[in-house]
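The residues making up each chain are set out below.
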Amino acid sequence: QVTLHAGAELDARRVKQYTLTLWASCPGEDEVEERLFVWVMAGQVLHCDAPFASAGGDVVQVLADVAPRTPLYVVLPQPLGGLTVPTLLPLPVSLQFRLRNQDTPLVLTRQGLVLAPADGFNPSKDTQTFRLEIEVMDRHGHNCSGTMRVEVLPSRRPRVTFLEPQRAVMVPEGIGPLEVVTQVHASGDNVRYAILAPTAPTLFTIDEVTGEIRSTCQLEVAHARLLVRAYNALHPTDHATTMLNITVQGTGLRAPSCFPALSMSQVPETVSPGSTLVTLRCTDPTGANGSLHYALEGPPASRSRFCMEGPRLQVNTTLDYDSEAVAAVGFQFTATIVVTAGGQPPRSTHVPVLVTVTPVNEFTPVCPSGATFTVPETAAFGSTVGRVAGTDRDYPLDSLEYSLEGGPGPTQPFSIDTCTGEIRVVGPLDSQRHKSYRLTVRLTDTRNDLDPAKRRSCLCDVAVHLQAVPDQAPVCTPEVQELRIVARSGGRQPVTRLACQGSPDGAVLAYAIAGGNEDGRFQLEGNTLFYLPSDLAEPRTFVLLVEVWGGPGVPRRSTMVALVVHVTPRSTPVPPSTTTRRTTLRKEPLVVTRTEAAWHPPAWFVAVLTVSGALLLATLGCVARSL
């Protein structure tokens, strides 16, 4: 009996085989020696390897600005059940992970992933340490435990900071809507801005990217306190605040006041030049309303299409919704009306203008020219016949719906795709009943007007011709021929003529060698096969495949004829020698088939013809005798 030593530990990764030498002997007999081989197999027991199972445990270092719920550590079994870290590979579903200590913000998932806290780490300037005790158990009840420490290092990126925790801003009254009042700036990465208080500001708004604070209306004498927050867009917990005290001061040189302070217009593309879009009612606080000057500022596309006639904003040229220039600006034009009052210094008010151009269905769809298609009568169900490509000049261009007048049926076995205009076969076709079909396709434009009811349409004539296809493949007699020829010198020599019959309508048959003519020794003209002379030294057999079909139908109906041609070379004279040998070539009989036309009348016709001849001869004899 061989037993394992009490203090022994087996490790299949280090030693897989032990060889034991055993001796046995009995009194009066020779000694016997044998060897015993002990194989060590990898077991399923979990073993914790260092450093996870060490006293101090494994250590992972991360920065404090790591994103919330970021994977920091994963526990995985090794081939022999050990645990290793870190990696992000798929985990076996048979393992269970449990966190022994609960006094940690870190999260251990059921898959053995250690995640950062849901709210992220505290952005402290000192190093933070978190200890986790993890127990792993498999489905057989084997368990293993270990510890790990997560050291959170201070972030190396700059924190979001305002240089001034509070600031006072003085602005004059009369500032118009959407004008820049002031701008805040904070240092840091990916900085964004927001107004915290008041929660619903009525006088000011802030650009979250640039930090520009703008007015929402024309400012009058007032005082406002704004609490502005700057934060890192990728790490919202990194933020800072500043307080702005904005005072709107009164002044004797107040800018003109205009109504409306913001103009938004929606006009159709057919509006005529000279039409008035908006009329401003502006007043000068000094009472000199006659000294107001109106000017239009903005992009060149807006200034070329609109103009100011006193306080009236008018259309300067046509607004074509279907042009590329209008589509490039999103069918919207922006501009600013500057109202300036005289005096020193000049006082001005800015009125933002937004003009939206709406589509009008002006044009009728146009049919394609020469809409004629050809389809074989054997076309399968769903086969494409052709596409009706209509056009429409209204934007969006060529936005059409297609429909077939009368719909598909026995007399009209076709359908049309509503969106693409493709005509497809949906019924049986027969060229003997219908040589062609005349279809009427309706083109209707879509999405060319604000009013869905205002649609234009037209009717297009489409001709579909059916291409006849032979009903059956040609019949050749015989389909397999075995021929023998003796190669002659000189020109080509005929081998055979194929006897094939096509469709009853007498369509011309086409012939082609489909296989077996790799050397090019045979040539086919019509239904006659020729052998081309060559330097053939020994008898050779050729197997040719000839394809016969009956016209350009699709699919092509054809018949294959197999020709086995035995070619024997012409014998050549042998120079005289001391030994004379006579060689007699075996001549194969050449079978020539000749067809002659013969007429075999019926018996009654022969009898009538004989009697009539006898009577004629008797009559001629009587006449000659009388003369």
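These figures come from a predicted structure and were not determined experimentally. (Residues numbered from 1 in each chain as written. Predicted model: local features only at pLDDT ≥ 70, side-chain atom pairs only at ≥ 80, totals over all residues. Heavy atoms only, no water.)

### Considering the overall build of the protein
Stage number 1. The number of helices and strands found in the protein is three helices and 45 strands.
Stage number 2. Counting every position in the protein, which comprises 627 residues, the buried fraction comes to 35%.
Stage number 3. The long-range fraction of contacts in the protein, counting pairs at least 24 apart against all pairs at least 6 apart in sequence, stands at 64%. (Helix = DSSP H or I, 4+ residues; strand = E, 2+ residues; numbered from the N terminus. Buried < 20%, exposed > 50% of the residue type's maximum accessible area, 1.4 Å probe, protein only. Contact = heavy atoms within 4.5 Å.)

### A short note on the side chain of Q493
Stage number 1. Along the chain, Q493 turns up in strand β39 (residues 493–497).
Stage number 2. One polar contact links the side chain of Q493 to the main-chain amide nitrogen of R488, over a distance of 2.9 Å.
Stage number 3. When sequence neighbours within four positions are dropped, the list of residues in contact with Q493 reads I485, V486, A487, R488, L529, F530 and Y531. (Polar contact = N/O pair within 3.5 Å; in protein donor to acceptor, adjacent residues only side chain to side chain.)

### Regarding helix α3 (residues 603–626)
Stage number 1. Helix length check: α3, at 24 residues, gives a terminal C-alpha distance of 35 Å against a target of 34 Å (1.5 Å per residue), a fit within 8%.
Stage number 2. Counting buried positions along α3 yields zero of 24 residues, so the element is predominantly exposed. (Expected span 1.5 Å × (residues − 1).)

### Focus: the pattern of salt bridges
Stage number 1. Within the structure shown, the criterion is met by 15 salt bridges.
Stage number 2. Salt-bridge contacts for E212 lead to R214; the nearest nitrogen and oxygen are separated by 3.0 Å.
Stage number 3. On the accessibility criterion, E212 (21% relative accessible area) is partly exposed.
Stage number 4. The class for R214 is partly exposed, based on a relative accessible area of 30%. (Salt bridge = Lys/Arg side-chain N within 4 Å of Asp/Glu carboxyl O.)

### Some thoughts on the sheet that holds β39
Stage number 1. Read from one edge of the open sheet, three strands run β39-β43-β42, paired in antiparallel fashion. Edge strands, defined here as strands with exactly one partner in the open sheet, are β39 and β42 (522–525). Averaged over neighbouring strand pairs, the angle between their axes works out to 30° when direction is ignored.
Stage number 2. Pairing analysis gives four bridges linking β39 to strand β43 (residues 528–531), with the strands arranged antiparallel. Residue pairing for β43: T496 is matched across the bridge by L529. (Pairing = 2+ DSSP bridges. Axes fitted to C-alpha atoms, helices over the stretch in contact; angles between N-to-C directions.)

### Here's the deal with the state of the cysteines
Stage number 1. Tallied over the entire structure, the rule returns three disulfides.
Stage number 2. Each disulfide pairs two cysteine sulfurs, and for C258 the partner residue is C282, the sulfurs being separated by 2.1 Å. Its torsion about the S-S bond being 110°, the disulfide of C258 and C282 is classed as right-handed. A residue pair is termed long-range when its members are at least 10 positions apart, and C258 in strand β21 (residues 257–259) and C282 in strand β24 (residues 281–283) qualify at 24 residues. For the residue pair C258 and C282, the accessibility class agrees, reading buried in each case. (Disulfide = S-S within 2.5 Å.)

### A few points about the environment of A240
Stage number 1. Residue placement: A240 occurs in strand β20 (residues 239–249).
Stage number 2. By relative accessible area, A240 is classed as buried at 14%.
Stage number 3. C-alpha separation for the pair A240 and V160, spaced 80 residues apart in sequence, amounts to 6.1 Å.
Stage number 4. For A240, the residues in contact, after removing those within four places along its chain, are V160, T161, F162, V228, R229 and A230.

### Comments concerning a nonpolar patch on the surface
Stage number 1. A contiguous nonpolar surface patch, about 650 Å² in accessible area, is contributed by V2, L4, L10, V15, Y18, L22, L36 and V38.
Stage number 2. The set of elements that each furnish at least two residues to the nonpolar patch consists of β1 (17–24) and β2 (32–39).
Stage number 3. For V2, a relative accessible area of 54% puts it in the exposed group. (Patch = residues over 30% accessible without salt bridge, like charges linked within 9 Å, V, L, I, M, F, W, Y side chains within 5 Å. Areas by Shrake-Rupley, 256 points an atom, 1.4 Å probe, with all protein chains shown as cover.)

### Details of the environment of T391
Stage number 1. Summarising the element assignment, T391 is placed in the loop between β31 (384–387) and β32 (400–404).
Stage number 2. When its relative accessible area of 38% is taken as the criterion, T391 is described as partly exposed.
Stage number 3. Considered as a pair, T391 and V366 are 25 residues apart in the sequence and their alpha carbons are 5.3 Å apart.
Stage number 4. Not counting residues within four places of it along the chain, the set of residues in contact with T391 comprises P365, V366, D398 and L400.

### Overview of the confidence of the model for the protein
In low-pLDDT segments, the atomic positions of the prediction should not be examined closely.
Stage number 1. For the protein, per-residue confidence averages 84 on the pLDDT scale, and 88% of positions sit at 70 or higher.
Stage number 2. In this model, residues 78–93 is a region of pLDDT below 50 whose contacts with residues beyond four sequence positions or in other chains number 47 contacts.
Stage number 3. Here residues 572–587 scores under 50 on pLDDT; set against residues more than four positions off or in separate chains, the count is one contact. (pLDDT = per-residue confidence, 0-100.)

### Observations concerning unusual backbone geometry
Stage number 1. The step from A197 to P198 runs through a cis peptide bond, and the omega angle for that step is -5°.
Stage number 2. Position of P198 relative to the elements: it lies in the loop between β16 (191–197) and β17 (204–206).
Stage number 3. Here F259 and P260 are connected by a cis peptide whose omega angle stands at 0°.
Stage number 4. Following the sequence through the fold, P260 ends up in the loop between β21 and β22 (263–268).
Stage number 5. Despite not being glycine, N190 shows a phi value in the positive range, around 50°.

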